[in-house]
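# Survey of secondary and tertiary structure
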Amino acid sequence: MTIRFILLVNRQGQTRLAQYYEYLSIDERRALEGEIVRKCLARTEQQCSFVEHRNYKVIYRRYASLFFLVGVDGDENELAILEFIHCIVETLDRYFGNVCELDIMFHLEKAHFMLEEMVMNGCIVEINKQNILTPIQLMDKTSNPQFKLPLSSSTFSVF
């Protein structure tokens, strides 16, 4: 599978997370995001969740106030990508507890880290939620002040 980009967008069309697996300049990204978001948000719930745009096939799904959009090559399996989107949401839900837009905004680096655990160079490499979350939970433990080692007095000299 070759994923070209993953976007998380709110109902107003504001991009909350963007992960690209091919090089596009900032202007190209901005234009692409604007076109795709307008196209996807204008569709009704009765229409299918697959859109062809330029040389991409965009598969999207709405969960609460967020749209999850994944751009892939034209020959990818749409249902497999929908299942992958669901896996992303389940993983975010397990970590944040019913993920919402604010979770993504205030913990953007953690959301990116989870995606990096799942997708490498445009290929899905991990879908086991526990395997994805274990490294970030370990990072959380080590960054928590109660788990930090106390500094010994020998490391500081007073005069």
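Provided above is the structure to which this section pertains.
Presented here is a report on the structure given in the accompanying data block.

Rules used throughout
Residues numbered from 1 in each chain as written. Predicted model: local features only at pLDDT ≥ 70, side-chain atom pairs only at ≥ 80, totals over all residues. Heavy atoms only, no water. Phe/Tyr/Trp six-rings, centres within 6.5 Å; stacked < 30°, edge-to-face > 60°. Helix = DSSP H or I, 4+ residues; strand = E, 2+ residues; numbered from the N terminus. Buried < 20%, exposed > 50% of the residue type's maximum accessible area, 1.4 Å probe, protein only. Core = buried A, V, L, I, M, F, W, Y, C linked by side-chain atoms within 4.5 Å. Contact = heavy atoms within 4.5 Å.

### Quick word on the packing of aromatic side chains
According to the stated counting rule, one finds five aromatic pairs in the structure shown. A centroid spacing of 5.9 Å and a plane angle of 40° characterise the contact between F5 and Y20, whose relative ring orientation is tilted. Here the residue F5 occupies a position in strand β1 (residues 3–10), and Y20 occupies one in strand β2 (residues 15–20), the gap between them amounting to 15 residues. No difference in accessibility class separates F5 from Y20, as the two residues are buried. An aromatic cluster of at least three residues, connected via ring pairs, comprises F5, Y20 and Y56.

### Some thoughts on the nonpolar core
In this structure, I6, F68 and L92 are the most contacted members of the largest nonpolar core, which totals 32 residues. Elements represented by at least two residues in this core include exactly β1, β4 (56–63), β5 (66–72), α2 (78–96), α4 (108–118) and α5 (129–143). At 10 residues, α2 tops the list of elements feeding residues into this core. Those residues in contact with F68 that sit more than four places away from it in its chain are L7, L8, I59, Y60, R61, Y63, I85, I88, V89 and L92. Counting 15 residues, the second-largest nonpolar core is a separate cluster that includes F5, C40, V58 and F67.

### A short note on unusual backbone geometry
We note that R54 has phi near 50°; this positive angle belongs to a residue other than glycine. Here R54 lies in the loop between β3 (50–53) and β4. Its identity is not glycine, yet A64 carries a phi of approximately 55°, on the positive side. Note on placement: A64 falls in the loop between β4 and β5.

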